[in-house]
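Coordinate inspection notes
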Amino acid sequence: MLQNSHSGFRHTNISAAIREIAPTAVLVRVYPERRSVTHLFESDFYRMLIDRRTEEEVACMVRRSFGKAADWRLAHDFYLPTETLYLTPEPHQDGYIPEDDHSFGLSLRRRIAIVGGEQ
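Thresholds, definitions, all that
- Residues numbered from 1 in each chain as written.
- Predicted model: local features only at pLDDT ≥ 70, side-chain atom pairs only at ≥ 80, totals over all residues.
- Heavy atoms only, no water.
- Helix = DSSP H or I, 4+ residues; strand = E, 2+ residues; numbered from the N terminus.
- Buried < 20%, exposed > 50% of the residue type's maximum accessible area, 1.4 Å probe, protein only.
- Contact = heavy atoms within 4.5 Å.
- Areas by Shrake-Rupley, 256 points an atom, 1.4 Å probe, with all protein chains shown as cover.
- Salt bridge = Lys/Arg side-chain N within 4 Å of Asp/Glu carboxyl O.
- Core = buried A, V, L, I, M, F, W, Y, C linked by side-chain atoms within 4.5 Å.
- Phe/Tyr/Trp six-rings, centres within 6.5 Å; stacked < 30°, edge-to-face > 60°.
- Lys NZ or Arg CZ within 6 Å of the ring centre and 35° of its normal.
- Pairing = 2+ DSSP bridges.

As for the overall build of the chain
The helix and strand tally for the chain stands at two helices and six strands. Helices and strands in the chain line up, N terminus first, as α-β-β-α-β-β-β-β. Within the chain, the fraction of its 119 residues that count as buried is 45%. Sequence-distant contacts in the chain: of pairs separated by 6 or more residues, those separated by 24 or more amount to 55%. Only carbon and sulfur atoms are counted for the fraction: they give 49% of the accessible area of the chain, which is about 6700 Å².

Below, the structure written as structure tokens:
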């Protein structure tokens, strides 16, 4: 498990901030707070094994960056390479399990916002 000290990170680029904590992360899946879980995926579609505190910090960064652009009662995927937030596919849809369709479920119809500007 990755365990780094992340207090004091100040970045204008959320992807860079997340990569300081989880260098190989490509996708962050932020579930509603009531589920109290966040998943980070690498480019090979596998979930990263990281500690809970890091998951929480990354989820807070994503929520802070997009604020009211998203309905946080639903799960969202943040794709680091394009700094784009997407609505997470439902469990029965392609992309919910990222390796199913090799797209991480990133579809234009699910796009919510891009860092620096809302959809």
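Next comes the rest of the description.
What about the pattern of salt bridges?
Scanning all chains against the criterion turns up five salt bridges. Note that arginine 52 and glutamate 55 form a salt bridge whose closest N and O atoms lie 2.6 Å from each other. Here arginine 52 and its partner glutamate 55 are both found in helix α2 (residues 52-66), three residues apart, which amounts to about one turn of the helix. When the shortest N-O distance is used, the salt bridge between arginine 73 and aspartate 71 registers 2.8 Å. For aspartate 71, a relative accessible area of 30% corresponds to the partly exposed category. Linked by salt bridges that have partners in common, Arg52, Glu55 and Glu56 make up one network.

Things to note about the nonpolar core
Among soluble globular proteins, nonpolar side chains are generally buried collectively. One finds Ile18, Val28, Leu40, Val62 and Phe78 to be the most contacted residues of the largest nonpolar core, which totals 22 residues. Only α1 (14-21), β1 (25-30) and α2 provide two or more residues apiece to this core. The element contributing the most residues to this core is α2, with five residues. Setting aside anything within four residues of it in sequence, one finds phenylalanine 78 in contact with Ile14, Ser15, Ile18, Val26, Leu27, Val28, Val62, Phe66, Glu83, Thr84, Leu85 and Val115. One finds Val26, Phe45, Tyr86 and Phe104 within the second-largest nonpolar core, a separate group that totals seven residues.

Here's the deal with the packing of aromatic side chains
The relative placement of two aromatic rings is captured by the distance of their centres and the angle of their planes. By the definition in use, this model includes one aromatic pair. For the cation-ring pair, arginine 29 lies above tyrosine 96, with the distance from its terminal atom to the ring centre recorded as 5.2 Å.

What about the pairing of strand β4 (residues 84-87)?
Relative to β4, strand β3 (residues 76-79) is paired through four bridges, and the arrangement is antiparallel. Note that in β4 the partner of phenylalanine 78 across the bridge is leucine 85. Between β3 and the antiparallel strand that follows it, β4, lie four residues; glutamate 83 among them carries a positive phi value of about 55°. Of the pairings in the sheet, the one linking β4 to strand β5 (residues 111-114) comprises three bridges and is antiparallel in character.

Treat this as a map of the structure, not an account of what it does.
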